[in-house]
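Chain by chain, the residues run as shown.
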Amino acid sequence: SGFSDDNSKWLAPAKAKKTPSKGNTLELSSDGEVEEGSWEMEEEEEDGSSEEMMDDYGASSSEEEELLPIEKAALKQEPDRGGLSEDDSEEEAAEEASRQKMGQKEEESPDLQLNLDIDEQFKLPTNEQIEREDILFTFFLPAEPPDLHIIHQRIKGNMEVLQDFAVKREEGRTRQEYLALLRRDMAAYYSYSDFLLTKLMDIFPLPELINFLEANEVPRPVTIRTNTLKTRRRDLAQALINRGVNLDPLGKWSKTGLVIYDSSVPIGATPEYLAGHYMLQGASSLLPVMALAPQENERILDMCCAPGGKTSYIAQLMKNTGMILANDSNAERLHSVVGNLHRLGVTNAVVSNCDGRQFPKVLGGFDRVLLDAPCSGTGVISKDPAVKTNKDEKDILRCAHLQKELILSAIDSVNAASETGGYIVYCTCSIMVEENEWVVDYALKKRNVRLVATGLDFGKEGFTRFKDRRFHPSLKSTRRFYPHTHNMDGFFIAKFKKFSNAIPQAQKEPAVEAAAPSAVPDTAVEPQPKKKKLEGSKVDKEQKPPQPALKKRRLLQAQRRPLKA
């Protein structure tokens, strides 16, 4: 009648029962096969009738046809065995004993677990154990990685002790010993150099440091910026969705950004990308341009512009008005700048290849300057994991020295008398204090500038004090961005307002003038006595010869007087 819900019982599997024959002896035929009738297949149906199971083609599916003769004989001999062999009995006894032991362990396990939780505490390994691990890993097992699971457990235990050090610390052990072991384990687990990990431990609290290191192991989301010179974000999002791209708006703080979750087409080769409708750009790279806030018909300098993402964003905010000078000291990187500007339809940009440190002599008088300074890259470790091990103290100080030179040049290139501008934005993709707050504090001392609000509603405040250093209180207006808190690359942004084109003199002269009281006359200033000394030395040279002549005259006069008497 066909398959339906009413007659679906034929799909139920047959229940087979093996019934031994009346005789316990096995009868074989002359050809070695088991005689028929020794085993029977019974199928229980509702009417109680027993029929042999048939398949769709009418073939019998009995077990006798599928089993070999030897298997059939073995199956028939199984019920004839009255007892088990010695091996089987020993195995069963061992299984029963093990089951009993497991039952006892299961009963005792809660108490044992509680005792372990109470008694077990993190203990520092001895110096001998640490030296042994170092020797084995360095000389004998260089190809085998360390046991990361053990190291991870040791990091967790160490962190718990350090968070409640007074209660959980081991007697006779100092906090420095725990921190040294933690730094060593984190360097091995996350593959960082000891130098960089020491710097990070100075910047972050320990729980936040773990989150930062974990965030660097995960790539940041792919983000794009809509080119409003050619399209709108709504139209671009619809076009990409039609091509199989899963996306969302980047956030309330951005009107042009989109975040890409996954795509069935390469996001850097779509017709929309080739037509210049969007630019592949990190979320953190949008923030400096938003802080700069360029206005239409202004003259703007992008001192380190490659590969052109920020320059094109400035151009679209200016609606292709005014003038942008896109400069970079690396001529090879300018090829990508020119290509992107052409693809995105930017027409108000001039590309130059100059050293930023010499730029005020080349051209100045800009309304605004954006300085995305070259840095150590400690904020983009997820993109370049080599930063974990290839940076040292010299690299950080070398970058900081270059950044100080560039920021002074950027400030000198701005016109303080600009009606709409006079602003400088300094940013780096580094989280090192030496490259950020240190450089900004240096600029505040060397030029007539002050820090103003960046205009960004989120981000952490910059440091006003770091270890033994104290920075200007206005550094609170700077902003720091981290991968573990904002899900974007590590970034630092500071915004200056220039209030005078005059370059202040060296700090020594103002310090002397401030220290001198007002009642002291001008002759007390240091340079004037030097002039007197110089003049006095010339007079002395002229007066030294006549001094002996005066003595001789006086002696002659003294000799003559008695003669006259």
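Residues numbered from 1 in each chain as written. Predicted model: local features only at pLDDT ≥ 70, side-chain atom pairs only at ≥ 80, totals over all residues. Heavy atoms only, no water.

Going by the annotation in an unreviewed UniProt entry, the name recorded for the protein is NOP2 methyltransferase, with Mesembrinibis cayennensis given as the source organism. Its UniProt record gives the protein a comment under Sequence similarities (unreviewed entry), which states: "Belongs to the class I-like SAM-binding methyltransferase superfamily. RsmB/NOP family." Its UniProt record gives the protein a comment under Subcellular location (unreviewed entry), which states: "Nucleus, Nucleolus". (UniProt positions renumbered as here; feature names shortened; annotations may be inferred.)

What follows is about the overall build of the protein. On a plain count of helices and strands, the protein comes out with 21 helices and 15 strands. Here the protein, with 565 residues, has 35% of them falling under the buried criterion. Carbon and sulfur atoms form 52% of the exposed surface of the protein, whose accessible area is close to 35000 Å². (Helix = DSSP H or I, 4+ residues; strand = E, 2+ residues; numbered from the N terminus. Buried < 20%, exposed > 50% of the residue type's maximum accessible area, 1.4 Å probe, protein only. Areas by Shrake-Rupley, 256 points an atom, 1.4 Å probe, with all protein chains shown as cover.)

Now for the side chain of T378. Following the sequence through the fold, T378 ends up in the loop between β8 (368-372) and α16 (393-412). A distance of 3.0 Å separates a polar atom in the side chain of T378 from a polar atom in the side chain of S430. A polar side-chain atom of T378 sits 3.1 Å from the main-chain amide nitrogen of I431. In this structure, T378 is in contact with L196, F212, V387, C429, S430, I431 and M432, ignoring residues within four places of it in sequence. (Polar contact = N/O pair within 3.5 Å; in protein donor to acceptor, adjacent residues only side chain to side chain. Contact = heavy atoms within 4.5 Å.)

Quick look at the packing of helix α8 (residues 194-203) against helix α9 (residues 206-215) now. At their nearest, the axes of α8 and α9 sit 9 Å apart, and the two run at 130° to each other. As judged from the angle between their axes, α8 and α9 are oblique. Regarding α8 and α9, the two cross each other, and that crossing is right-handed. Each of L197, L200 and M201 in α8 lies in contact with α9, whose residues at this interface are L206, L209, F212 and L213. Among the residues making up the contact of α8 with α9, the classes are represented as seven nonpolar, no polar and no charged. (Axes fitted to C-alpha atoms, helices over the stretch in contact; angles between N-to-C directions. Parallel < 35°, antiparallel > 145°, perpendicular 65-115°, else oblique. Left-handed = near helix turned anticlockwise from the far one by under 90°. Nonpolar A, V, L, I, M, F, W, Y, C, P; charged D, E, K, R; others polar.)

Take the packing of aromatic side chains next. Across all of its chains, the model carries eight aromatic pairs by this definition. For the pair Y273 and Y278, a centre-to-centre distance of 5.5 Å together with 55° between the ring planes defines the contact as tilted. In this structure, Y273 and Y278 share a single accessibility class: buried. A cation over a ring is seen here: K404 above Y442, with NZ or CZ 5.2 Å from the ring centre. Geometry around Y423 places K495 over its ring, the cationic atom sitting 4.7 Å from the centre. (Phe/Tyr/Trp six-rings, centres within 6.5 Å; stacked < 30°, edge-to-face > 60°. Lys NZ or Arg CZ within 6 Å of the ring centre and 35° of its normal.)

All right, on to unusual backbone geometry then. For the bond from A306 to P307, the omega torsion is 5°, close enough to zero to count as cis. For P307, the position within the fold is in the loop between β5 (299-302) and α13 (309-317). You will see that N320, though not glycine, has its phi angle at about 60°, which is positive. Relative to the helices and strands, N320 resides in the loop between α13 and β6 (323-327). Looking at N320, the relative accessible area reads 22%, which means it is partly exposed.

Next up on the list: the layout of surface pockets. If you add up the space inside the largest pocket, you get close to 1100 Å³. Along its surface, the largest pocket is lined by 49 residues, and S285, A306, P307, K310 and D372 are the ones closest to its centre. Going through the elements one at a time, β1 (222-226), β4 (278-280), α13 and α16 are the ones with two or more residues in the lining of the largest pocket. Two domains each put at least three residues into the lining of the largest pocket: domain 2 (221-280) and domain 3 (283-498). (1 Å grid on protein atoms, 1.4 Å probe; cavity = no way out; pocket = protein on both sides within 12 Å on 5 of 7 lines; lining within 4 Å. Points joined across faces, edges and corners; volume = space filled by probe spheres on them. Domains from an automatic or database assignment.)

Residues annotated by UniProt as "binding site: S-adenosyl-L-methionine" (unreviewed entry) correspond here to C304, C305, A306, P307, G308, G309, K310, D328, D355 and D372. Among the annotated residues just listed, those that line the largest pocket are C304, C305, A306, P307, G308, G309, K310, D328, D355 and D372. Here G308 is to be found in the loop between β5 and α13. Judged by its relative accessible area of 0%, G308 falls in the buried class. Locating D328 in the fold gives a position in the loop between β6 and α14 (334-344). We classify D328 as buried; its relative accessible area is 6%. Those residues in contact with D328 that lie beyond four places of it in its chain are M303, C304, C305, A306, R333, L334, S352, N353 and C354. Among the polar contacts made by the side chain of D328, one reaches the main-chain amide nitrogen of A306 at a distance of 3.3 Å.

Describing two packed helices takes the angle between their axes plus the distance from one axis to the other. Orientation of helix α7 (residues 175-190) relative to α9, taken along the N-to-C sense of each, is 10°, at an axis distance of 12 Å. Taken together, the axes of α7 and α9 are roughly parallel relative to one another. Contact with α7, carried on its side by L179, L182, M186, Y189 and Y190, involves L206, L209, I210, L213 and E214 of α9 and no other residues of that element. Each residue belonging to the contact of α7 with α9 can be placed in one class, and the counts come to nine nonpolar, no polar and one charged.

With that settled, consider the environment of Y423. Note on placement: Y423 falls in strand β9 (residues 423-428). With 129 residues separating them along the chain, Y423 and P294 place their C-alpha atoms 9.6 Å apart. In contact with Y423, not counting residues within four places along its chain, are D367, R368, V369, V414, V452, K495, F496 and K497.

Attention shifts here to α8. Two residues of an α-helix separated by three or four positions point the same way, owing to the 3.6 residues in each turn. Taken together, the buried positions of α8 are occupied by L196, L197, K199, L200, M201 and I203. In this fold, the buried residues of α8 make contact with α7, α9, α16 and β12 (465-466).

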